[in-house]
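# Structural features, examined
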Amino acid sequence: MSRSSRPTTRHELGHIGRHALTVLAGQLAVMAFGTTDTIVAGRYSDDAVAALSVGAAIFVSVYASLMGIFQALLPLWAEQRGAGQPLAIGRSLRQSMYLCLAACIVGMAVLLQPDPLLRWTHVPAPLQQEVKRYLAILALGLPPALLFRIYGALNQALGRPQLVTALQLASLLLKIPLSIWLTFGGLGMPAMGAAGCAWATLAVNYTMFGIALRLTRRQAFYAPLALWQRMERPDWPLLARFARLGIPAGLAILVEVTSFTLMALFVSRQGTLASASHQIAANLAAICYMVPLSLAIAASARVSFWRGAANEVLARKLIAQCFWLAALMGIALSATLFIARELIAGLYTSSPQVIALTASLLGWVAIYHVADAVQTFSIFVLRCYRITVLPLVIYCVLLWGGGLAGGYWLAYAAQASLHWSLAQGTPMPFWAASAGALIVTAMAFSSILYRVVRAEP
């Protein structure tokens, strides 16, 4: 669509919807990577799946926080596209390579030296060697993973998420047989256990990035960006601008991810029944999260585009309508979870005890998801207005303080004073506290977003 045309809100919502569905398909494919590894490692041995569980939690925490830095650059590139500045996009993308280099150094250092994290989480000594082996392999796969994330953010900013999703779906077809082969061995390859899953991920990461790199040379719509010019010297003011936007966004994702992963570690003290039920609930919450996340990515790209094109009126209309769409979609998914909670739990397990406890947890997950949908949309759109530090502070106080610490207190420290039977031996207090914290977070973010949009001319 040309900048001089007069777009309708209906047309724009259709554009955002198609973009969101494309992103959702890719996000679900990426989630299937972890599901594949869990199933394959679980079939191999209990030690392999235990090492994979710990190693994947550490890797995801590192990768997701660094990934958030580059996902936060999407609004900048979408604005430059809306302003008709393709060469500026190309130059800023080349500058982002310096930031990527720094992120790779930090991330690989953490993955190659995970001993402090392993000691802090009390991972058994026999398991630590396998976890360190797993993380050392994934450290080599971190650079292509982050570079592919930059490619993904660029395509989303350009309104072309189809190529990214196609690569993610195709890579799943490569990931599944590779994980099976390298984990169990065969055809001259020794069995490698959890490390086999890591080698498969590394191979897939390099393959995806290699194809993406080739596409940037071959596809005509990249040509106006002049991506393949000689690298300029570091533009320190621009890199500082990237850092001010990206680092708080990355840290916010780190808080969000660790509030989830640490909850699993605390719940593990309650035994197998509690851990199994919590894992199912957490998996369903993560799947549901992909829906508002996809909408938020698509909406933030389009809002930033029209802000760059100096059409603040349309940008505000899209924010308002997509906000209510995110809320309604959250309510619909939550209602489905609540109504069919026993049926859904039964799809994961045949144990009556696990089904019963999971079904009770899904009532809290339903409440949790409504708030999660609203806060996810709000924090992404706030990045379009360069607001990243305040959401980080709110996340730290509410997700770590109210949700994680509050759940721990309810589960382990408040039994005598509250006489709350649900606090004894179930993950219910953690989900209740997290749902409450997310409700307050969603209210805070919605209020900030409302004031920001109202303040725009």
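Note that the structure is predicted; figures quoted are calculated from it, not measured.

### Re the pattern of salt bridges
Any two side chains of opposite charge can pair, on the condition that their charged atoms come close. In this structure the tally under the stated criterion is nine salt bridges. The partner of E12 in a salt bridge is R302, with the nearest N and O atoms 2.5 Å apart. In this pair, E12 sits in helix α1 (residues 9–44) while R302 sits in helix α10 (residues 272–308), placing the two residues 290 residues apart along the sequence. Like E12, the residue R302 is buried in the burial classification. Of the charged contacts, one joins R307 and E79 as a salt bridge, the two residues approaching to 3.6 Å between their closest N and O atoms. Of this pair, R307 sits in helix α10 while E79 sits in helix α3 (residues 74–82), placing them 228 residues apart in sequence. Like R307, the residue E79 is buried in the burial classification. Among the charged side chains, a salt-bridge network with shared partners connects E79, R307, E312 and R386.

### Quick notes on the state of the cysteines
What we call a disulfide is simply a covalent bond connecting the sulfur atoms of a pair of cysteines. One pass over the full model with this rule turns up zero disulfides. Here C322 stays unpaired: no disulfide links it, and the sulfur of C384, its closest cysteine neighbor, is 11 Å away.

### Thoughts on the packing of α1 against helix α11 (residues 312–339)
Look at α1 against α11: their axes get within 11 Å of each other, and the N-to-C directions meet at 60°. Considered as vectors, α1 and α11 are oriented oblique to each other. As α1 runs across α11, the sense of the crossing is right-handed. Where α1 abuts α11, its residues T9, E12, L13 and I16 lie against L314, K317, L318, Q321 and C322. Of the residues in the contact of α1 with α11, the class split is five nonpolar, two polar and two charged.

The rules behind the values
- Residue positions are given per chain, counting from 1 as you read along its sequence in written order.
- Only residues with pLDDT of at least 70 get local features here, since the model is predicted, and only at 80 or more are side-chain atom pairs given and counted; chain-wide, interface and lining totals rely on the full set of residues.
- Side-chain numbers here rest on the full set of heavy atoms in the structure, without hydrogens or water.
- Each salt bridge in this description consists of a side-chain nitrogen of Lys or Arg and a carboxyl oxygen of Asp or Glu lying within 4 Å of one another.
- Only DSSP runs of H or I with at least four residues qualify as helices, and only runs of E with at least two residues qualify as strands; both kinds are numbered from the N terminus onward.
- Any residue under 20% of the maximum accessible area for its type is buried, any over 50% is exposed, and the rest in between are partly exposed; the area is computed with a 1.4 Å probe on protein chains only.
- The definition used for a disulfide is geometric: two cysteine sulfur atoms within 2.5 Å.
- Helix axes are fitted only over the stretch in contact, all axes being lines through C-alpha atoms; the angle between N-to-C directions runs from 0 to 180 degrees.
- In this scheme, roughly parallel covers angles under 35 degrees and roughly antiparallel covers those over 145, while 65 to 115 is roughly perpendicular and the rest are oblique.
- Crossing handedness follows the turn of the near helix against the far one: under a right angle anticlockwise gives a left-handed crossing, and clockwise gives a right-handed one.
- Only heavy atoms enter the contact rule, under which two residues are in contact if any of them lie within 4.5 Å.
- For this classification, Asp, Glu, Lys and Arg are treated as charged, while Ala, Val, Leu, Ile, Met, Phe, Trp, Tyr, Cys and Pro are nonpolar and the rest, including Gly, are polar.

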